[in-house]
Amino acid sequence: MADTLPSEFDVIVIGTGLPESITAAACSRSGRRVLHVDSRSYYGGNWASFSFSGLLSWLKEYQENSDIVSDSPVWQDQILENEEAIALSRKDKTIQHVEVFCYASQDLNEDVEEAGALQKNHALVTSANSTEASDSAFLPTEDESLSTMSCEMLTEQTPSSDPENALEVNGAEVTGEKENHCDDKTCVPSTSAEDMSENVPIAEDTTEQPKKNIITYSQIIKEGRRFNIDLVSKLLYSRGLLIDLLIKSNVSRYAEFKNITRILAFREGQVEQVPCSRADVFNSKQLTMVEKRMLMKFLTFCMEYEKYPDEYKGYEEITFYEYLKTQKLTPNLQYIVLHSIAMTSETTSSTMDGLKATKNFLHCLGRYGNTPFLFPLYGQGELPQCFCRMCAVFGGIYCLRHSVQCLVVDKESRKCKAIIDQFGQRIISEHFLVEDSYFSENMCSRVQYRQISRAVLITDRSVLKTDSDQQISILTVPAEEPGTFAVRVIELCSSTMTCMKGTYLVHLTCTSSKTAREDLEPVVQKLFIPYTEMEIENEQVEKPRILWALYFNMRDSSDISRSCYSDLPSNVYVCSGPDCGLGNDNAVKQAETLFQEICPNEDFCPPPPNPEDIVLDGDGLQPETSESSAIPEANSETFEESTNLGNLEESSE
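Below is a summary of the structure that appears in this document. In this text the structure is predicted, and so the values were computed from the model without any measurement.

The rules behind each value
- The residue count restarts for each chain, going from 1 along the sequence in the order it is written.
- The model is predicted, so local features are restricted to residues of pLDDT at least 70 and side-chain atom pairs to those at 80 or more, both for listing and for counting; the totals for chains, interfaces and linings are taken over all residues.
- To obtain the side-chain values, all non-hydrogen atoms of the structure were included, while hydrogens and water were left out.
- Labels follow the DSSP assignment, with helices taken as runs of H or I lasting at least four residues and strands as runs of E lasting at least two, numbered in each case from the N terminus.
- Burial classes: relative accessible area under 20% of the type maximum marks a residue as buried, over 50% as exposed, and values in between as partly exposed (1.4 Å probe, protein chains only).
- By definition in these notes, contact holds between two residues if any of their heavy atoms fall within 4.5 Å.
- Only the protein chains shown count as cover for residues, with accessible areas throughout obtained via the Shrake-Rupley method and a probe of 1.4 Å.
- We call a set of buried residues a nonpolar core when its members are Ala, Val, Leu, Ile, Met, Phe, Trp, Tyr or Cys and they connect through side-chain atoms within 4.5 Å of each other.
- Paired strands, in this sense, are two strands between which DSSP finds at least two bridges.
- Lines fitted to C-alpha atoms define the axes here, with helix axes fitted over just the stretch in contact, and angles between the N-to-C directions of these axes take values from 0 to 180 degrees.
- Method remark: on a 1 Å grid restricted to protein atoms, a set of points is classed as a cavity if a 1.4 Å probe fits but cannot get out and as a pocket if it is open with protein on both sides within 12 Å along at least five of seven lines; lining residues have an atom within 4 Å of a point.
- Grid points are joined across faces, edges and corners, and a volume is the space filled by probe spheres set on the points.
- Salt-bridge detection follows one rule: a side-chain nitrogen of Lys or Arg within 4 Å of a carboxyl oxygen of Asp or Glu.
- Under this definition, polar contacts are N or O atom pairs within 3.5 Å; protein pairs additionally need one hydrogen-donor-capable and one acceptor-capable atom, and for neighbouring residues in sequence, both atoms have to be side-chain atoms.
- Cysteine sulfurs are considered disulfide-paired once they come within 2.5 Å of each other.
- Working definition: rings of Phe, Tyr and Trp (its six-membered ring) pair if their centres are within 6.5 Å, and the pair is stacked with planes under 30 degrees apart, edge-to-face with planes over 60 apart, and tilted otherwise.
- Two conditions define a charge located above a ring, namely a distance within 6 Å from the ring centre to NZ of Lys or CZ of Arg, and an angle within 35 degrees of the ring normal.

1. Here we look at the overall build of the protein chain
A tally of regular secondary structure across the protein chain gives 18 helices and 23 strands. Expressed as a percentage of its 653 residues, the buried residues of the protein chain come to 58%. Here the analysis covers contacts within the protein chain between residues at least 6 apart in sequence; of these, 76% occur between residues at least 24 apart. For the protein chain, the accessible area works out to roughly 27,400 Å², and carbon and sulfur atoms hold 48% of it.

Take a look at the structure:
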């Protein structure tokens, strides 16, 4: 592959996370020659999504803690006297404290039919009764080869990896009950239409039958290719920076979204639905008429709080929690506003933070549904790939499983001038974007990282059962002890293509104070119980049952000053991994800032030209025009879809 790569680019991007992918797409769209490489075998880095067996292989990779690439030629000989090298790390150390538990029935006699799936074995999981097993017991044994997965990871990572199978935008979706996701553009290429039809949500009432609903681990493996599991748990605000960017750049044509249908609250051991729109408030049976009026008055104020500074003047220095106590709100309303609308901390969020968060929540209501949030079909890992496709359309070159050995720095100018890849090829560039995890420990010795605690659960039913089994919910569980943090819970149904039919995928996230399991297990125990065969016969079980659980800590490298990195050349820019926030604004802001450093005063991700407006120049087309003309149907279709999004917004409001 190295022989076919050009020897010079304008921008080299190392890592395929969301900020890197957006920046690469913007640079490529502006006419820069972009090389985008990743030593991993999949797109997205810590923003990625995996099929179930792909996730198991990802876990095994971290258990073995082995280099992603094989031995490479010695690169030190290529460094000249007036140059020095910054060696890049070949190990990803951003994931720690991985623990896996399997509670589903373990029928070892069933054949595992999914291509590339790891066979069920007792070394992979901890039994329901084991609580103190070592980390190595939670993962596959080392004698199981990863080579069979490495060549299939890219395909299994998401069903829409192939641009020909790109999903269309459907921002108008509110629920998945009457939709069929198995059209020609959303089916997995290697899966038959008959198989996919099993995952299609239907409008019929799917009443649970606990005595018959015995879900085995082998069944999860078999169905695993049809759904994706995210490493990071986020939602998109309907008026957030990422949605605006997707529409502006027409990258939205590569993705499809589902609405979050419910916002929940956890009070006194019970889960309940929170009213968030005007109609919800007045239809709510949880609030008295007086409370409804109080809430509407306060929310109306929050929508335009900047116009009434006297209302919050003098309260800027206190927490939003204390400020709410000074307002004419009952304790019930204070709880709803703090934890389910503003979604802020009791102890660390200021009054201004809370008012700003409440306004943002209200501002996003009604654009595409009854809540402010959207979720990408097939998971968050779709989004980096969408921008990678845009970059490739405008000439960007992509190389997965392609590691970079070092950055070559000129001693006199202190600028980076080239990279040396795993094949020993020197590739020159003017600008270099590097994802934080690729830097060595020496480079990051002064960096103080935060950690994110994550849990991923597969459960047999929703935390709040309703007539519909296709609910997508977000729930915040407040911190109970000093020094701990509120836990965000996002529950996804099968119509999001993230779990098999009859199950739910639950993501738990919080800022770390301990290991992920220590941080999150108390909340898991409040909301769920382990899945055992004896309890399947008990129809009176109130809590959802856990079939499978994963805990891990992820590095939070956001908001770190570049001055913290030792001897960083001025033309090397650092991209951070996912932060702990709910939205993606941090990634978009970071990408736009980096783009302006590289391409000052240029438009950030403008829409591609309409094919009908393409003008021939001389005897041929300009390179950018040639790429755009190769997808005339996609561009014209996207323009129409973006227009429809605007019409929807007007009609909703």
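2. With respect to the nonpolar core
Counting residues in each nonpolar core, the largest one holds 100 residues, and the members touching the most others are Phe52, Phe298, Leu508 and Trp548. Examining the composition of this core, we find that 8 residues originate from one element, strand β22 (residues 545-556), more than from any other. The contacts of Leu508, once residues within four sequence positions are left out, are Ser453, Arg454, Ala455, Leu457, Val487, Arg488, Val489, Leu520, Val523 and Val524. Ile22, Ala24, Ala26 and Leu246 belong to the second largest nonpolar core, which has 46 residues in total.

3. Topic: the sheet that holds strand β15 (residues 426-428)
Each strand in a sheet pairs with its neighbour through backbone hydrogen bonds, running either in the same direction (parallel) or in the opposite one (antiparallel). Taken in spatial order, the 4 strands make up an open sheet running β4-β13-β14-β15, and their pairing is antiparallel. Of all strands in the sheet, those with a lone pairing partner are β4 (83-87) and β15, marking the two edges. The average undirected angle you get between the axes of adjacent strands in this sheet is 30 degrees.

4. Section: unusual backbone geometry
Even without a glycine there, the phi angle at Tyr378 is positive, about 75 degrees. Its identity is not glycine, yet Asp559 carries a phi of approximately 60 degrees, on the positive side. Mapped onto the secondary structure, Asp559 falls in the loop between β22 and β23 (572-575).

5. Focus on the layout of surface pockets
Its volume calculated, the largest pocket comes out at about 1,300 Å³. Along its surface, the largest pocket is lined by 38 residues, and Met343, Thr344, Cys580, Gly581 and Leu582 are the ones closest to its centre. Put simply, the parts of the chain that give the lining of the largest pocket at least two residues each are α11 (331-341), α12 (351-364), β17 (450-459), β18 (473-477), β19 (487-492), β20 (504-511) and α16 (585-598). Of the residues forming the lining of the largest pocket, the biggest block, 5 residues, is contributed by α12.

6. Some points on the pattern of salt bridges
Tallying each qualifying case throughout the model produces 23 salt bridges. With a closest N to O distance of 3.8 Å, Glu491 and Arg262 form a salt bridge. Residue Glu491 is located in strand β19, and its partner Arg262 is located in strand β9 (residues 262-267); the two are separated by 229 residues in the primary sequence. When its relative accessible area of 1% is taken as the criterion, Arg262 is described as buried. Across the pair Glu322 and Lys325 runs a salt bridge, and its minimum N-O distance is 3.8 Å. Of the two residues, Glu322 and Lys325 are both situated in helix α10 (residues 320-326); the distance of 3 residues between them amounts to about one turn of the helix. Through salt bridges that share partners, Asp38, Arg40, Asp92 and Glu435 make up one connected network.

7. Some words on the sheet that holds strand β11 (residues 373-376)
One open sheet holds the 3 strands; their spatial order is β7-β11-β8, and the pairing between them is antiparallel. Whereas interior strands pair on both sides, the edge strands pair on one side only; in this sheet they are β7 (236-237) and β8 (257-259). Here β8 runs beside β11; their pairing, made up of 3 bridges, is antiparallel. By the bridge assignment for β11, Asn259 is matched with Leu374.

8. Topic: the environment of Glu592
Note that Glu592 resides in helix α16. For the pair Glu592 and Ala26, spaced 566 residues apart in sequence, the C-alpha to C-alpha distance is 8.5 Å.

9. Details of the side chain of Ser558
Here Ser558 shows up in the loop between β22 and β23. Of note is the side chain of Ser558, whose polar atom sits 2.6 Å from the side chain of Asp556. With near-sequence residues (within four places) excluded, Ser558 lies in contact with Arg450, Ser576, Asp579 and Asn586.

10. Regarding the state of the cysteines
Using the criterion set out here, one finds 0 disulfides in the structure. Cys493 carries a free sulfur, and the closest cysteine sulfur to it, the one in Cys499, is 6.6 Å from it. For Cys493, a relative accessible area of 0% gives the class buried. Counting only cysteine sulfurs, Cys444 is the nearest neighbor of Cys564, a cysteine outside any disulfide, at a range of 10.0 Å.

11. Let's talk about the packing of aromatic side chains
The tally for this structure, following the rule as stated, stands at 17 aromatic pairs. An angle of 20 degrees between the planes, with centres 6.2 Å apart, marks the rings of Phe320 and Tyr323 as stacked. In this pair, Phe320 and Tyr323 both sit in helix α10, 3 residues apart, roughly one turn of the helix. What makes Tyr323 buried here is its relative accessible area of 0%. Taken together, the ring pairs connect Tyr42, Phe50, Trp58 and Phe552 into an aromatic cluster. Sitting over the ring of Tyr335, Arg267 keeps its end group 4.7 Å from the ring centre. Geometry around Tyr449 places Arg555 over its ring, the cationic atom sitting 4.1 Å from the centre.

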